[in-house]
Amino acid sequence: MDDQEKAVISANRNFYAAFNNADMTEMKKIWSSAFDISVIHPGWSPLHGWQDVMASWESILDGNDVTGISAAGERVYCIRNMAYVICTEMLQQNELTATNIFIREEDGWKMVHHQAGVLAQNLDDQFNVH
């Protein structure tokens, strides 16, 4: 893993630390304020723009017990000043799959998009093949 990939993994882990600690101050630092941002929470419609995305995180972090969330199986893809991480979110007894997209800014890698969804237990369930 090169230095750029390590920096992206660090940014991704900072996101999950802020999420896990319900730390809205840190959550705001992780997201880009220079680019348009978006989020798709499991079961939610897409949200766009700083105000709506941050309002969603405030609602999630204030309203739920989010302790115990972590990322596993992180895989980083870097393309110049953009990178994305695909990982599994571990939340209590649940597993979700997530994509986190980052842009490199002057002060480091900043998130511009997060999407998480339910992870099918196996491909037969996902495609309803029996």
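Everything numeric here is computed off the predicted structure, so don't read it as measured data.

Draft legend 1. Representation of the overall build of the protein within the structure. Of the regular secondary structure elements, the protein holds four helices and six strands. Reading the helices (α) and strands (β) of the protein from amino to carboxyl end gives α-α-β-β-α-β-β-β-β-α. Taking as baseline every contact in the protein between residues at least 6 positions apart, the subset at least 24 positions apart corresponds to 45%. Accessible surface, the protein: about 7,800 Å² in total, of which carbon and sulfur atoms supply 47%.

Draft legend 2. Up close: the pairing of strand S6 (residues 108-118). Here strand S1 (residues 38-40) runs beside S6; their pairing, made up of three bridges, is parallel. Following the sheet pairing, Val39 is matched in S6 by His114. Two elements, strand S5 (residues 94-105) and S6, share ten bridges in a ladder whose sense is antiparallel. Residue pairing across strands places Ala98 opposite Ala116, the latter belonging to S6.

Draft legend 3. Main features of helix H1 (residues 3-20). Given a rise of 1.5 Å per residue, 18 residues ought to cover 26 Å, and the 25 Å separating the end C-alpha atoms of H1 matches this to within 8%. Buried within H1 we find Val8, Ile9, Ala11, Asn12, Phe15, Tyr16, Ala18 and Phe19. Contacts from the buried residues of H1 go to helix H2 (24-30), helix H3 (50-63), strand S3 (70-79), strand S4 (82-91), S5 and S6. In this structure Asp2 caps H1, since a side-chain oxygen of it lies 3.1 Å from the backbone nitrogen of Gln4.

Draft legend 4. Spotlight on the pairing of S5. By the bridge criterion, ten bridges tie S4 to S5 in an arrangement that is antiparallel. The partner of Tyr84 across the bridge, within S5, is Ile101. Between the antiparallel neighbours S4 and S5 lie two residues, among them Gln92 with a positive phi of about 55°. Hairpin remark: S5 followed by S6, antiparallel, with two residues in the connecting loop.

Draft legend 5. Region of the structure containing the sheet that holds strand S2 (residues 47-48). The strand order across the open sheet built from six strands is S2-S1-S6-S5-S4-S3, with neighbouring strands paired in mixed fashion. Each edge of the open sheet is held by one strand with a lone partner, namely S2 and S3. Pairing between S1 and S2: two bridges, direction antiparallel. Across the sheet, the residue bridging to Ser38 is His48, located in S2. Along the sheet face, H1 touches S3, S4, S5 and S6 and points at about 140° away from the line of S3.

Draft legend 6. Expanded view of the packing of aromatic side chains. Inspection of the entire model under this criterion finds five aromatic pairs. Here Phe15 and Tyr16 contribute two aromatic rings whose centre-to-centre distance is 4.8 Å and whose plane-to-plane angle is 75°, an arrangement assigned as edge-to-face. Residue class for Tyr16 comes out buried when judged on its relative accessible area of 4%. Site record: aromatic cluster; members linked through ring pairs are Phe15, Tyr16, Phe19 and Trp57.

Calculation notes
- Throughout this document, residue positions are counted from 1 along each chain, in the order its sequence is written.
- Only residues with pLDDT of at least 70 are given local features in this predicted model, and only at 80 or more are side-chain atom pairs given and counted; all residues enter the totals for whole chains, interfaces and linings.
- The side-chain figures draw on all heavy atoms in the structure; neither hydrogens nor water molecules are used.
- Secondary structure counts use DSSP, requiring at least four H or I residues in a row for a helix and at least two E residues in a row for a strand, with both numbered from the N terminus.
- Any two residues having at least one pair of non-hydrogen atoms within 4.5 Å are treated as being in contact.
- Each accessible area is a Shrake-Rupley estimate made with a 1.4 Å probe; only the visible protein chains count as cover when residues are assessed.
- Strand pairing requires that DSSP identify at least two bridges connecting the strands.
- Expected span of a helix, by definition, is 1.5 Å for each gap between consecutive residues, and there is one gap fewer than residues.
- For every residue, the accessible area (1.4 Å probe, protein chains only) is compared with the maximum for its type, and the residue is labelled buried under 20%, exposed over 50%, or partly exposed between those bounds.
- What qualifies as a polar contact is a pair of N or O atoms within 3.5 Å, subject to a donor-acceptor requirement within protein and to the restriction that residues adjacent in sequence count only when both atoms come from side chains.
- To get an axis, a line is fitted to the C-alpha atoms, and for a helix only the part in contact is used. The angle between two axes follows their N-to-C directions and goes from 0 to 180 degrees.
- Ring geometry is summarised as follows: Phe, Tyr and Trp rings, the Trp one being its six-membered ring, pair when their centres sit within 6.5 Å, and such pairs are stacked at plane angles under 30 degrees, edge-to-face over 60 and tilted between the two.

What is shown is where atoms sit, not what they do.
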